[in-house]
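Listed below, chain by chain, are the residues.
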Amino acid sequence: MSYSIAEAARRSGLSIDTLRYYERIKLLEPPARDTAGRRAYSDADLTWLEFLTKLRTTGMPIKSMREYASLRHRGTASAGRRKALLVEQRQAVASRIAELQSCMEILNYKIDNYDQIERKHRDVLAIEPVVEGLSA
């Protein structure tokens, strides 16, 4: 199956400009061309784009992504370095998750605190009419 650049952009969730940029910086091999000379992306290209998108989502720098892309063309001889890049990125992701978990705990604490303040405020408002009636 082959896809036009517009279809590849739609399927990958990336813009046409991003696809061209990835090709220009050698993250993406130039796709095949159809008989009219237009880019024709394959399912394998889309799978690779999906992986690149995941790497970007993890916060992997473009420089590391370019290294990974370059290494993949060397086949199994580069497996160790590719694995090392992924292990490094996994650690960065784990650290970020821990940082976000800490932030979540603070948010939960503050929200719980405001819930308690609101409950106390409602309780005070519910008691005030009774107190006013007793003093009359």
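Rules of the game
- Residues numbered from 1 in each chain as written.
- Predicted model: local features only at pLDDT ≥ 70, side-chain atom pairs only at ≥ 80, totals over all residues.
- Heavy atoms only, no water.
- Helix = DSSP H or I, 4+ residues; strand = E, 2+ residues; numbered from the N terminus.
- Rg over C-alpha atoms; globule rule 2.2 N^0.38 Å.
- Buried < 20%, exposed > 50% of the residue type's maximum accessible area, 1.4 Å probe, protein only.
- Contact = heavy atoms within 4.5 Å.
- Lys, Arg positive; Asp, Glu negative; His and termini not counted.
- Charge placed at Lys NZ, Arg CZ, Asp CG, Glu CD.
- Salt bridge = Lys/Arg side-chain N within 4 Å of Asp/Glu carboxyl O.
- Axes fitted to C-alpha atoms, helices over the stretch in contact; angles between N-to-C directions.
- Left-handed = near helix turned anticlockwise from the far one by under 90°.
- Nonpolar A, V, L, I, M, F, W, Y, C, P; charged D, E, K, R; others polar.
- Parallel < 35°, antiparallel > 145°, perpendicular 65-115°, else oblique.

### A word on the overall build of the chain
Here is step 1 of the chain: When helices and strands are counted, the chain shows five helices and three strands.
Here is step 2 of the chain: Each helix and strand of the chain, ordered N terminal to C terminal, gives the series β-α-α-β-β-α-α-α.
Here is step 3 of the chain: Over its C-alpha atoms the chain spans a radius of gyration of 27 Å, topping by over 25% the 14 Å that the globule rule assigns to 136 residues.
Here is step 4 of the chain: Expressed as lengths along the three principal axes of its C-alpha atoms, the size of the chain is roughly 95 × 40 × 20 Å.
Here is step 5 of the chain: For the chain, the residues scored as buried account for 23% of the 136 residues in total.
Here is step 6 of the chain: Intrachain contacts of the chain at a sequence separation of at least 6 include 45% that bridge at least 24 residues.
Here is step 7 of the chain: Looking at the chain, you have 23 positive and 18 negative side-chain charges, and the mean spots of the two groups are 12 Å apart.

### A short note on the pattern of salt bridges
Here is step 1 of the chain: This structure, assessed with the given rule, holds seven salt bridges.
Here is step 2 of the chain: A salt bridge links Glu67 to Arg81, with the nearest nitrogen and oxygen atoms 2.8 Å apart. With Glu67 in helix α4 (residues 62–72) and Arg81 in helix α5 (residues 79–135), this residue pair connects regions lying 14 residues apart in the sequence.
Here is step 3 of the chain: Put simply, Glu7, Arg10 and Arg11 are held in one network by salt bridges that share partners.

### Remarks on the packing of helix α3 (residues 43–57) against α4
Here is step 1 of the chain: Where α3 contacts α4, the axes come no closer than 10 Å and their chain directions differ by 150°. Relative to α4, α3 is oriented so that their crossing is right-handed. Counted together, Trp48, Phe51, Leu52, Leu55 and Arg56 of α3 and Ile62, Met65, Tyr68, Ala69 and Arg72 of α4 form the full contact between these two elements.
Here is step 2 of the chain: Here the residues of the contact of α3 with α4 sort into eight nonpolar, no polar and two charged.

### Side note on the packing of helix α1 (residues 5–12) against helix α2 (residues 16–24)
Here is step 1 of the chain: It is the contact of α1 with α2, at a shortest axis distance of 9 Å, that shows an interaxial angle of 100°. Taken together, the axis directions place α1 and α2 in an arrangement best described as roughly perpendicular. In this structure, α1 uses Ile5, Ala6, Ala8, Ala9 and Ser12 to contact α2, whose residues at the interface are Ile16, Leu19 and Arg20.
Here is step 2 of the chain: When grouped by side-chain class, the residues that make up the contact of α1 with α2 number six nonpolar, one polar and one charged.

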